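What the coordinates show
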Amino acid sequence: MANLVEISHGYEPEGAYCTKAFLTAYGFHVVIQNEHHLAVNPALRVALGGYRLLIPKSEAEEAQDLLRSVNVGEISADDSDQPVCLECGYIGLQRKRSWIWFLIALAQGIPFVPYRNKLTCSDCGATQQR
Ligand SMILES: [Zn+2]
């Protein structure tokens, strides 16, 4: 642990695991501090300082440069097949869950709630059929 330095931290496991997988794919050696402790008891996220990504000090500068290049858009996923909002052109439409199905699932003991067929724009709130 003495040669490891923190390069990123957050309170959501999804972000920590995505960042770890991304850096690992580029050959970095990443450790998430308290990873298993937080998996067993997620209520301690804040108390334990969240998900801290640790990396060997010798790799830290290069890894931080790589993460910065993602944040400024030098590296991005191909979003050509992403649905686009017809109202405002925003890319990032989401499918939401149906509250009616939530009630049905709750009453019948079904362990999941299906998504609606409509896509909702995260920016303007417009809906459209998938
Ligand atoms: Zn929109």
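Residues numbered from 1 in each chain as written. Predicted model: local features only at pLDDT ≥ 70, side-chain atom pairs only at ≥ 80, totals over all residues.

Attention shifts here to the sheet that holds strand E6 (residues 127-129). Pairing in this open sheet of three strands is antiparallel, and the strands run E4-E5-E6 from one edge to the other. Strands at the two margins of the open sheet, each flanked by one partner only, are strand E4 (94-97) and E6. Along the sheet, successive strands turn relative to each other by an average axial angle of 50 degrees, direction set aside. Note that E4 and strand E5 (residues 115-120) share three bridges and pair antiparallel. Note on E5: the bridge partner recorded for Arg95 is Leu119. (Pairing = 2+ DSSP bridges. Helix = DSSP H or I, 4+ residues; strand = E, 2+ residues; numbered from the N terminus. Axes fitted to C-alpha atoms, helices over the stretch in contact; angles between N-to-C directions.)

Our next topic: the domain arrangement of the chain. In terms of domain boundaries, the chain breaks down into domain 1 (4-71) and domain 2 (79-130). Taking the mean C-alpha position of each, domain 1 and domain 2 sit 30 Å from one another. (Domains from an automatic or database assignment.)

All right, on to helix H4 (residues 99-108) then. Taken across its 10 residues, H4 has zero buried, putting it largely on the surface. Note on H4: the residue one or two positions beyond its end, Gly109, has a positive phi of about 75 degrees. (Buried ≥ 20, exposed ≤ 12 C-beta atoms within 10 Å, placed from the backbone.)

Here we take up the nonpolar core. Core analysis: the largest hydrophobic core is formed by 10 residues, namely Ile7, Ala16, Leu23, Val30, Ile32, Leu38, Tyr51, Leu53, Ile55 and Ala63. Elements that contribute at least two residues to this core include exactly helix H1 (13-25) and strand E3 (51-56). Tallying contributions element by element places E3 first for this core, with three residues. Those residues in contact with Ala63 that sit more than four places away from it in its chain are Ile7, Leu23, Phe28 and Ile55. (Core = buried A, V, L, I, M, F, W, Y, C linked by C-beta atoms within 7 Å. Contact = placed C-beta atoms within 7 Å.)

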